[in-house]
Amino acid sequence: MPAVHAFSTIPAKILLPIDFSPSSHLALEEATVLAQHFHAELFLVHVVAETANVDEAKKDAEKYLAVSVSGLATKGIKATAKVEVENDIAGSILDVIERDHIDMIVVSTHGTTGWHPLVFGSIAEKLVKLVHIPLLLVRTEKPESSVKVKSGRMMEWW
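Treat the numbers as computed from the prediction; the structure is a model and nothing was measured.

Parameters and conventions
Residues numbered from 1 in each chain as written. Predicted model: local features only at pLDDT ≥ 70, side-chain atom pairs only at ≥ 80, totals over all residues. Heavy atoms only, no water. Phe/Tyr/Trp six-rings, centres within 6.5 Å; stacked < 30°, edge-to-face > 60°. Helix = DSSP H or I, 4+ residues; strand = E, 2+ residues; numbered from the N terminus. Buried < 20%, exposed > 50% of the residue type's maximum accessible area, 1.4 Å probe, protein only. Core = buried A, V, L, I, M, F, W, Y, C linked by side-chain atoms within 4.5 Å. Contact = heavy atoms within 4.5 Å. Expected span 1.5 Å × (residues − 1).

Looking at the packing of aromatic side chains
By the definition in use, this model includes one aromatic pair. Look at Phe-20 and Tyr-64: their rings are 4.6 Å apart centre to centre, the planes differ by 25 degrees, and that puts the pair in the stacked class. Of this pair, Phe-20 sits in the loop between β1 (13-17) and α1 (22-38) while Tyr-64 sits in helix α2 (residues 54-74); the two residues are 44 residues apart in sequence, bridging distant segments of the chain. Neither Phe-20 nor Tyr-64 differs from the other in exposure class; each is buried.

Put into structure tokens, the structure is as follows:
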């Protein structure tokens, strides 16, 4: 009978890179279940690419993250959130893992769409290859579009 492998430690801090796509929302749901199970803190990070509109993008991301952190608090989960500004999204996530002493990461297979993943590879693929902590890959279907706002309102996160 094969040996059953388990975490060598119980994660105290779980990282969820989030881009506010439907796919990352599903990853948030999975990360929430894990955080509840392990009584772990959930750390949400959104990486904004360095562009001319970085201040506006950062402000919008902070609004989305505040909604998520508030929703997690109502479920009894300690959560923190941060917006990083960096063109190397995977590199920024790896920096967060080291800097914030992350024990586990939850990432979805499909986030926002467009030409970037076709040229540079997906962020999830890079993270699977590079992280040295337990990683939960939440497989989701490829989204039809990268639209985050529908009918003139933000997607409801909680």
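That was the structure; now back to the text.
With respect to the nonpolar core
In terms of nonpolar packing, the biggest core is built from 25 residues, with Ile-14, Leu-16, Leu-28, Leu-42, Leu-44, Leu-72 and Val-106 touching the most fellow members. Sorting the residues of this core by element identifies β1, α1, β2 (41-48), α2, β3 (79-85) and β4 (104-108) as the ones contributing at least two each. For this core, the leading source of residues is α1, giving six residues. With residues near it in sequence (within four places) discarded, Leu-44 still touches Leu-16, Leu-28, Leu-65, Ser-68, Val-69, Leu-72, Thr-80, Ala-81 and Lys-82. Counting residues in each nonpolar core, the second largest holds 15 residues, with Phe-43, Ile-97, Ile-105 and Val-107 among its members.

Quick word on α1
Side chains of residues three or four places apart in an α-helix project in the same direction, reflecting 3.6 residues per turn. In this model, α1 (17 residues) spans 25 Å end to end at C-alpha, consistent with the 24 Å of a helix rising 1.5 Å per residue. Of the positions making up α1, those classed as buried are Ser-23, Ser-24, His-25, Ala-27, Leu-28, Ala-31, Thr-32, Leu-34, Ala-35 and Phe-38. Next to the buried residues of α1 lie β1, β2, α2, β4 and β5 (135-138). A positive backbone phi angle near 55 degrees is found at His-39, which sits one or two residues after α1.

These values are about where atoms sit, not about what they do.
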